[in-house]
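# Descriptive structure summary
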Amino acid sequence: MKPRTKRLALLGGAAALFVGAIALVLTAFQQNLVFFHTPTDVAEGRAPAERAFRIGGLVEEGSIVREADGVTVRFAITDTAQAIPVTYRGSLPDLFQEGKGAVVQGKLGPDGLFQASEVLAKHDENYMPVEAQYAIDKAQAQAQAQAAADTVQK
Amino acid sequence: MMNTSSLSQKRTPKSILRFAAPQMFYPLAGTLAPWCAGIAAVLTVIGLYIGFFVAPTDFQQGEVYRVIFIHVPAAWMSMLIYLAMAFWAAVGLVLNTRMSFIMTQALAPTGAMFCFLALWTGALWGKPTWGTYWVWDARLTSQLLLLFLYLGFMALTQAIEDQRRADRAGAIIALVGAVNVPIIYFSVQWWNTLHQGASVTPTGSSMASTMLAGMLVMAIASWAYTFAVVFWRVRSLILERERHTDWVGAEIDAQEGRS
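Not measured: the values here are computed from a predicted model.

All names here are of chain B. One can find A37 in helix α2 (residues 22-54). Classification of A37 as partly exposed rests on a count of 17 C-beta atoms within 10 Å. C-alpha of A37 to C-alpha of A224: the two residues are 187 residues apart in sequence and 6.4 Å apart in space.

Written as structure tokens, this is what we have:
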């Protein structure tokens, strides 16, 4: 075997072993690498009970309620299967909106209400002009109106 | 030690492999670098013009999304340059070629610069959109690790006196660290992260076409910039490392005679 073929084989073998080791480590730490839990995780009791953790999902439509003191906000965070009620005191990021993504950090109270200490907005990877979003909204509204009209006719 | 000129005589003299010899690559890099720099300058102007004046306001984020025209090309480049370093490190370890280690040395500072730029613009983007400069999610953390790998590579290769040992130690860091690059890229798919998924994938994009065009022009500009500065850095590294050879002596005499 030529020396350089031998070096290539050694390097390839070492690289394969190393990548395998990293894959095992990442699989073992799968749970710890999660930045947030989903509302379903929380509802099924798979989220840590004692310590603070994060929940990620969509802010449920129509769920945002500002309390009388003006700084406390209540809303629900959902993955469309389960929704977790959240309460938070403080200012919210600009992109925090109903129907949009958010990540809340805090503790789950015994009453099932999540006491958030931090609220982050999570935006998606879609970028488009304002007009395009307007057109999409309009098309969806028309489709819904059409569907409603169809059911009435039946 | 084997003589490089006798090796290249055995092959066809016109083979592209002749540029594996520092003496041959030096003038080639010198010819290509200004062209790459020119392309980079022109494309940066076009890309930023599209980004700031042609691309429309985003429906969700408003004007702040325009950081994307620097952030994404910088992040792509930081990952790509590390893979290029790992490639040259492997070639250098297996074939013992001198140029490959010069390549890894020349690529590292530019990779570190793009990596820092991606992290910095990301922080500035994160504050107005997410509500925070920094979170320890998988994407951000693995990208920070990439910066440390770049800095570690540079520190280690500078710290070791013996050039051969420095090159080999650096090559190990470059190869071992390369496993982090797919982790960065796929982190947003494998784990729940605050960072959103990729807008541009091999199968398509989820961006309006002018936005995408501006970003791709900036990406090509970053490539051209990288080629230009790496070629120039390669030239000074060649002069430094081959300073005991006759041709470098002649080259330096010629340059000093000119100026």
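Let us now look at the confidence of the model for chain A. Per-residue confidence for chain A gives a mean pLDDT of 86, with 99% of residues at or over 70. Ranking the helices and strands of chain A by mean pLDDT puts strand β4 (residues 83-89) of chain A first, with 93, and helix α3 (residues 130-153) of chain A last, with 82.

Next up on the list: the pairing of strand β3 (residues 72-78) of chain A. Residues and elements named next belong to chain A. Of the strand pairs in this sheet, strand β1 (residues 53-59) and β3 are connected by two bridges, and their pairing is antiparallel. Bridge pairing in β3 links L58 to T78. Pairing of strand β2 (residues 65-66) with β3 involves two bridges; the strand directions are antiparallel. Counted as the bridge partner of R66 is V73 from β3. Linking two consecutive strands that pair antiparallel, namely β2 and β3, is a turn of five residues; a positive phi of about 85 degrees is found at G70 within it.

Counting along an α-helix, one turn takes 3.6 residues, and residues three or four places apart therefore face a common direction. All names here are of chain B. Relative to the 40 Å expected for 28 residues at 1.5 Å per residue, helix α3 (residues 68-95) spans 40 Å between its end C-alpha atoms, a close match to the ideal helical length. Where burial is concerned, most of α3 is hidden: 20 out of the 28 residues are buried. Backbone geometry just downstream of α3 places N96 in the positive-phi region, at approximately 55 degrees.

Below, the discussion takes up the interface of chain B and chain A. Chain B puts 33 residues into the contact, and the matching count from chain A is 31 residues. Of all the elements in the fold, those that place two or more residues in the side of chain B that touches chain A are α3, α4 (98-129) and α6 (163-177) of chain B. Sorting elements by how many residues they give to the side of chain B that touches chain A places α3(B) first, with four residues. Taken together, the residues that form the side of chain B that touches chain A break down as 19 nonpolar, 12 polar and two charged.

What follows covers α6(B). All names here are of chain B. With 15 residues, α6 should reach 21 Å at 1.5 Å per residue; the first-to-last C-alpha distance of 21 Å fits that figure. Along α6, the residues classified as buried are D167, G170, A171, I173, A174 and G177. Down the axis of α6, the buried set is contained in an arc of 165 degrees. They therefore lie on one face. Facing away from the buried side of α6, by more than 90 degrees, are the exposed residues R164 and R165. Summarising the contacts, the buried residues of α6 are in contact with α3, α4, α5 (138-159) and α7 (180-190).

For the rest of this paragraph, the subject is unusual backbone geometry. Phi at T80(A) is positive, roughly 75 degrees, even though this residue is not glycine. Looking at where T80(A) falls in the secondary structure, it is placed in the loop between β3 and β4. Of the residues examined, T80(A) has 10 C-beta atoms within 10 Å and is grouped as exposed. Non-glycine residue N96(B) carries a positive phi angle of around 55 degrees. Judged by C-beta crowding, with 16 C-beta atoms within 10 Å, N96(B) ranks as partly exposed.

Further remarks concern the nonpolar core. Counting 59 residues, the largest nonpolar core has M85(B), A89(B), A174(B) and V234(B) as its most contacted members. Here this core gets 16 residues from one element, more than from any other, and that element is α3(B). One finds F75(A), V86(A), V119(A) and A121(A) within the second-largest nonpolar core, a separate group that totals 32 residues.

What follows covers the domain arrangement of chain A. By convention, interface size is frequently given as the accessible area that disappears when the constituent parts associate. According to the domain assignment, chain A contains domain 1 (1-33) and domain 2 (39-122). Here the C-alpha centroids of domain 1 of chain A and domain 2 of chain A sit 41 Å apart.

Residues and elements named next belong to chain B. Of note, I70 is situated in helix α3. A C-alpha to C-alpha distance of 29 Å links I70 and L156, two positions 86 residues apart in sequence. Among residues more than four places away in sequence, those in contact with I70 are L117, T121 and M218.

In summary, the side chains of a regular strand alternate between the two faces of the sheet. Residue and element names in this part refer to chain A. With three bridges connecting them, β4 and strand β6 (residues 114-122) associate as parallel partners. Residue T87 lies in a different strand from β6, and its bridge partner there is Q115. Of the strand pairs in this sheet, strand β5 (residues 101-108) and β6 are connected by eight bridges, and their pairing is antiparallel. By the bridge assignment, K107 is partnered in β6 with Q115. Between the end of β5 and the start of β6, which pair antiparallel, lie five residues, with G112 showing a positive phi angle near 85 degrees.

Quick look at the packing of helix α1 (residues 3-28) of chain A against α3(B) now. With their axes 8 Å apart at the nearest point, α1(A) and α3(B) run at an angle of 135 degrees to one another. Taken as axis vectors, α1(A) and α3(B) run oblique relative to one another. Between α1(A) and α3(B), the residues in contact are R4(A), R7(A), L8(A) and L11(A) and A90(B), L93(B), V94(B) and L95(B), respectively. Across the contact of α1(A) with α3(B), the residue classes tally to six nonpolar, no polar and two charged.

The rules behind these values
- The numbers attached to residues start from 1 for each chain and follow its sequence in the written order.
- The order in which chains are written sets their letters, starting at A; the order in which ligands are written sets their numbers, starting at 1.
- Under the rules for a predicted model, residues below a pLDDT of 70 receive no local features and side-chain atom pairs below 80 are neither given nor counted, while totals for whole chains, interfaces and linings still include all residues.
- In this description a helix means any DSSP run of H or I spanning at least four residues, a strand means any run of E spanning at least two, and both kinds are numbered starting from the N terminus.
- Three exposure classes are used, based on other C-beta atoms lying within 10 Å of a residue's own C-beta, which is placed from the backbone: buried for 20 or more, exposed for 12 or fewer, and partly exposed in between.
- Within a predicted model, pLDDT stands for the predictor's per-residue confidence, ranging from 0 to 100.
- At least two bridges found by DSSP between two strands is the condition for calling them paired.
- A helix is expected to span 1.5 Å for every residue after the first.
- Here contacts are defined at the residue level, using C-beta atoms placed from the backbone and a cut-off of 7 Å between them.
- Amino acids are sorted into nonpolar (Ala, Val, Leu, Ile, Met, Phe, Trp, Tyr, Cys and Pro), charged (Asp, Glu, Lys and Arg) and polar (every other residue, Gly among them).
- Directions are taken from the helix axis to each C-beta atom, and the arc is the one they span.
- To form a nonpolar core, buried Ala, Val, Leu, Ile, Met, Phe, Trp, Tyr and Cys residues must be joined through C-beta atoms within 7 Å.
- An automatic or database domain assignment supplies the residue ranges for each domain.
- Axis definition: a line fitted to C-alpha atoms, limited for helices to the stretch in contact. Angles are taken between N-to-C directions and run from 0 to 180 degrees.
- When an angle is under 35 degrees it counts as roughly parallel; over 145 it counts as roughly antiparallel; between 65 and 115 it counts as roughly perpendicular; any other value is oblique.

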